[in-house]
Amino acid sequence: MAQAVVAEQGTQASLRDIARRSGVGLGTLYRHFPTRDELLEALLRDRFDRLAARATSLEATHSPEDALTEWLGAFVVGATAYRGLAASMMATLGDENSSLHASCLAMRQAGSRLLRNVQDAGLIRPDVDGTDLFALVNAVSWIAEQAPSLAARREHLFSLVIDGLRYQP
């Protein structure tokens with residue numbers, strides 16, 4: 001039920017609504033998920049694990065640039081799964097105590113590895129790091145969410161970010 005409520009209301013969904021629709025008391029919800037991040041982590045763990053695994057698969061079957069581009073495209077689509085998800089991920093990026101931070105660490109590390117592969121090939125600016133990359137692609141997800149009129153341009157905005165990352169001697 002929590003997934004349905006978050007899908008409807010976004011990552012800032014009422015915990016009271018989640019408890020009610022799950023048929024449990026608010027206290028029970030808090031015993032299982034003491035923080036909102038822990039609830040989100042439970043909802044998102046599989047998604048993050050699949051993205052990390054996909055990075056490994058793409059790394060083995062695609063050129064470094066194609067692997068990164070395809071993986072980031074999947075990341076952007078995934079970041080729009082729930083309203084507010086991009087903002088929630090960015091908020092926890094620097095909060096190592098957040099369970100959401102811990103849950104998406106392997107996913108972020110996989111993306112950073114793909115980035116390094118493309119940098120080693122000389123195709124992406126060497127001054128870009130994993131944090132820069134996630135901030136930029138999260139921004140694409142966030143702006144499409146904030147301005148629905150731009151949602152249809154998400155792929156175009158994403159390609160502009162990718163073009164901006166390319167190394168130009």
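Residues numbered from 1 in each chain as written. Predicted model: local features only at pLDDT ≥ 70, side-chain atom pairs only at ≥ 80, totals over all residues. Heavy atoms only, no water.

Visitor: Can you walk me through the overall build of the protein in this structure?
Guide: For the protein, the helix and strand inventory stands at 11 helices and zero strands. The helix and strand sequence of the protein, counted from the amino end, reads α-α-α-α-α-α-α-α-α-α-α. Computed over C-alpha atoms, the radius of gyration of the protein comes to 17 Å, within 12% of the 15 Å expected from 2.2 N^0.38 for 169 residues, which places it in the range of a compact globule. By its C-alpha atoms, the protein is 60 × 35 × 25 Å across when sized along the principal axes. Looking at the protein residue by residue over its 169 residues, the buried ones come to 39%. Considering only contacts in the protein between residues 6 or more positions apart, those separated by 24 or more positions represent 62%. Here the protein displays about 8,800 Å² of accessible surface, and carbon together with sulfur accounts for 52% of that area. Here the protein carries 17 positive and 20 negative side-chain charges, and the mean point of each set is 8 Å from the other. (Helix = DSSP H or I, 4+ residues; strand = E, 2+ residues; numbered from the N terminus. Rg over C-alpha atoms; globule rule 2.2 N^0.38 Å. Buried < 20%, exposed > 50% of the residue type's maximum accessible area, 1.4 Å probe, protein only. Contact = heavy atoms within 4.5 Å. Areas by Shrake-Rupley, 256 points an atom, 1.4 Å probe, with all protein chains shown as cover. Lys, Arg positive; Asp, Glu negative; His and termini not counted. Charge placed at Lys NZ, Arg CZ, Asp CG, Glu CD.)

Visitor: I tried to follow the nonpolar core on my own but got confused; where do I start?
Guide: One finds Ile 18, Trp 71, Leu 72 and Phe 75 to be the most contacted residues of the largest nonpolar core, which totals 45 residues. Secondary-structure elements contributing two or more residues to this core are α1 (2-9), α2 (15-22), α4 (36-61), α5 (64-79), α6 (85-93), α8 (105-120), α9 (130-146) and α11 (154-165). Among all residues touching Phe 75, those that are not within four sequence positions of it are Leu 51, Met 89, Met 107, Phe 134, Val 137 and Asn 138. (Core = buried A, V, L, I, M, F, W, Y, C linked by side-chain atoms within 4.5 Å.)

Visitor: Could you clarify how one ought to interpret the environment of Val 77 in this entry?
Guide: Here Val 77 is to be found in helix α5. Between the C-alpha atoms of Val 77 and Val 137, which are 60 residues apart in sequence, the distance is 10.0 Å.

The values are spatial; any link to function lies outside them.
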